[in-house]
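Notes for the structure review
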Amino acid sequence: MKENSFTISFEQHDMPFLKKHGLFKAMRKVRNHNKKYKVPFIDDTYQLAHTLSITRKQLFDLSRNANKHYKQILLKKRKGGVRVINAPDPELKDIQRRILRRILYKSEISKYATAYAPDRKLKDNATPHVNHKYLLKMDITDFFGSITFLEVVSSAFNSKIYPTQIGAMLTALCCKDEVLPQGAPTSPMLSNIVMKNFDNAIGGWCEKRDITYTRYCDDLTFSADIPLYNVYQKVEDMLIQRGFEVNESKTKFITNSGRQTVTGLTVNEKVSIPRDYKRQLRQEIYYALKFGLSESIVHGNKTEFMDSRGPNCWRYYQHLKGKLNYVFQVEPNNMWFRDADEKLWVAYIQPNMRYPY
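The notes below deal with the structure included here. (Residues numbered from 1 in each chain as written. Predicted model: local features only at pLDDT ≥ 70, side-chain atom pairs only at ≥ 80, totals over all residues. Heavy atoms only, no water.)

Points about the pairing of strand S6 (residues 212-216)
Successive side chains on a regular strand alternate, one facing one side of the sheet and the next facing the other. Sheet analysis places S6 next to strand S7 (residues 219-224), joined by 5 bridges and oriented antiparallel. Within the sheet, the bridge partner assigned to Arg215 lies in S7 and is Leu220. A loop of 2 residues connects S6 with S7, the two strands running antiparallel in sequence, and Cys217 in this loop sits at a positive phi of about 60°. (Pairing = 2+ DSSP bridges. Helix = DSSP H or I, 4+ residues; strand = E, 2+ residues; numbered from the N terminus.)

Section: the sheet that holds strand S8 (residues 252-255)
Within a sheet, neighbouring strands are paired by backbone hydrogen bonds and run either parallel or antiparallel to one another. Spatial ordering of the open sheet is given by S6-S7-S5-S8, a layout of 4 strands whose pairing is antiparallel. On the outer flanks of this sheet lie S6 and S8, each paired with one strand and no other. In this sheet, adjacent strand axes meet at a mean angle of 15° when their direction is disregarded. The strands touched by helix H10 (residues 196-207) within the sheet are S6 and S7, with S6 carrying the most contacts at an inclination of about 155°. Lying on the sheet, helix H11 (residues 229-241) is in contact with strand S5 (134-139), S7 and S8; it crosses S5 at an angle near 20°. (Axes fitted to C-alpha atoms, helices over the stretch in contact; angles between N-to-C directions. Contact = heavy atoms within 4.5 Å.)

Side note on helix H12 (residues 275-291)
Taking 1.5 Å as the rise per residue, H12 with 17 residues should run 24 Å; its terminal C-alpha atoms sit 24 Å apart, in good agreement. Every buried residue of H12 is listed here: Lys278, Leu281, Glu284, Ile285 and Ala288. Each buried residue of H12 lies within a common arc of 125° when the element is viewed along its axis, so the set occupies one face. Projecting away from the buried face of H12 at angles above 90 degrees are the exposed residues Arg275 and Lys290. Here the buried face of H12 lies against helix H13 (293-299), helix H14 (313-330) and helix H15 (335-349). Gly292, located one to two residues past H12, shows a positive phi value of around 100°. (Expected span 1.5 Å × (residues − 1). Buried < 20%, exposed > 50% of the residue type's maximum accessible area, 1.4 Å probe, protein only. Arc of directions from axis to C-beta.)

Observations regarding the packing of aromatic side chains
Inspection of every chain in the model, using the stated rule, returns 16 aromatic pairs. Measuring from centroid to centroid gives 5.0 Å for Trp336 and Phe337, while their planes differ by 75°, and the two rings are edge-to-face. Residue Trp336 is classed as partly exposed on the basis of its relative accessible area of 39%. Note on Phe337: relative accessible area 0%, which makes it buried. The side chain of Arg56 reaches across the aromatic face of Tyr46, ending 4.0 Å from its centre. We note Lys323 situated over the ring of Tyr277; from NZ or CZ to the ring centre the distance is 5.7 Å. (Phe/Tyr/Trp six-rings, centres within 6.5 Å; stacked < 30°, edge-to-face > 60°. Lys NZ or Arg CZ within 6 Å of the ring centre and 35° of its normal.)

Details of the pattern of salt bridges
Applying the stated criterion across every chain yields a total of 12 salt bridges. Between Arg215 and Asp199 there is a salt bridge whose closest N-O contact spans 2.9 Å. Here Arg215 is found in strand S6, whereas its partner Asp199 is found in helix H10, with 16 residues between them in sequence. Side by side, Arg215 and Asp199 carry an identical accessibility label, which is buried. Ionic pairing is found between Asp276 and Arg279, a salt bridge with its closest N-O pair at 2.7 Å. Residue Asp276 and its partner Arg279 are both found in helix H12; the two are separated by 3 residues, about one turn of the helix. Asp276 gets classed as partly exposed once you look at its relative accessible area, which sits at 36%. It is possible to trace a salt-bridge network through shared partners that takes in Glu284, Lys302 and Lys323. (Salt bridge = Lys/Arg side-chain N within 4 Å of Asp/Glu carboxyl O.)

What to know about the packing of H14 against H15
Viewed as axis vectors pointing N to C, H14 and H15 meet at an angle of 160°, and their least axial separation amounts to 11 Å. Between H14 and H15, the angle is such that the two are roughly antiparallel. Between H14 and H15 the crossing geometry is left-handed. Packed against H14, whose contacting residues are Trp314, Tyr317, Leu320, Lys321, Leu324, Val327 and Phe328, the element H15 presents Phe337, Arg338, Asp341, Leu344, Trp345 and Ile349 at the interface. (Parallel < 35°, antiparallel > 145°, perpendicular 65-115°, else oblique. Left-handed = near helix turned anticlockwise from the far one by under 90°.)

Interpretation in functional terms is not warranted from these geometric data alone.
Written out as structure tokens, the structure is:
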């Protein structure tokens, strides 16, 4: 189905929709939808299968048996405990990525949400909080696991936008055991859509009181030139009403007499990468260039980059590259790290471009 300013053209997968509604009613439904929403018009399973580039059989099989397409991975946290990742298999992951690109990225989210949307960056979460006297940081316990099937379908795939069957199928393709799985590519953006009303409500409440609010996934940050103790109670009450729990151990009240950080970035006077982070990264890169990635892994006792074949140099390079990209988000013209990035590329990637491991 395609629409320009004058006509709507229908394709083979639209024929059941046309047969059901007739040409003029079908055109009216499409135009009314496109006036209100940016997401694609989907009225039946033929159109949904086409939107996701799969067959109707795949659509029905996967939406009915999505739970069977996940593998559980347990990751140790740096400060103790275990993080449970439910990773979708390649078939389901590909479809979730199509849902993300073709539907979810076109959905509206709050201006206070700064994570996981194409036009939002990590720096956007820190910049509004620069040079404020008081800072409050809060964290939601088991964020994705607290967002239910019903919340997803009512927020992202509700009956105002999609027929009930289509909304239920899309939600089933994105949920595991009736909640958002940590590990699915759709979960972060869906969480933004689900949190839209909360973000707008608490963001509007804060603006009336000259308080700045942003949310980066499960991290909520507030800053102002007045104490923020009353904000904590207000936010906790609103989160509890929505079925969330505040992680008390990660709640922090910070004044500008100490180092204020927001999602890892210092915001006391300007947005910057903490000096300790850059110093440690410089040291890591120095050893990697001097002794080689393999030796750096072994002698640095970096067990997370060891596997059955020994040091995994490709994975360690990706780790360093990720840290460099983090720096470049905030300091794109940092010449020391730009030079280091090029040296790592020349030393370890360029000679092995066909076989990166």
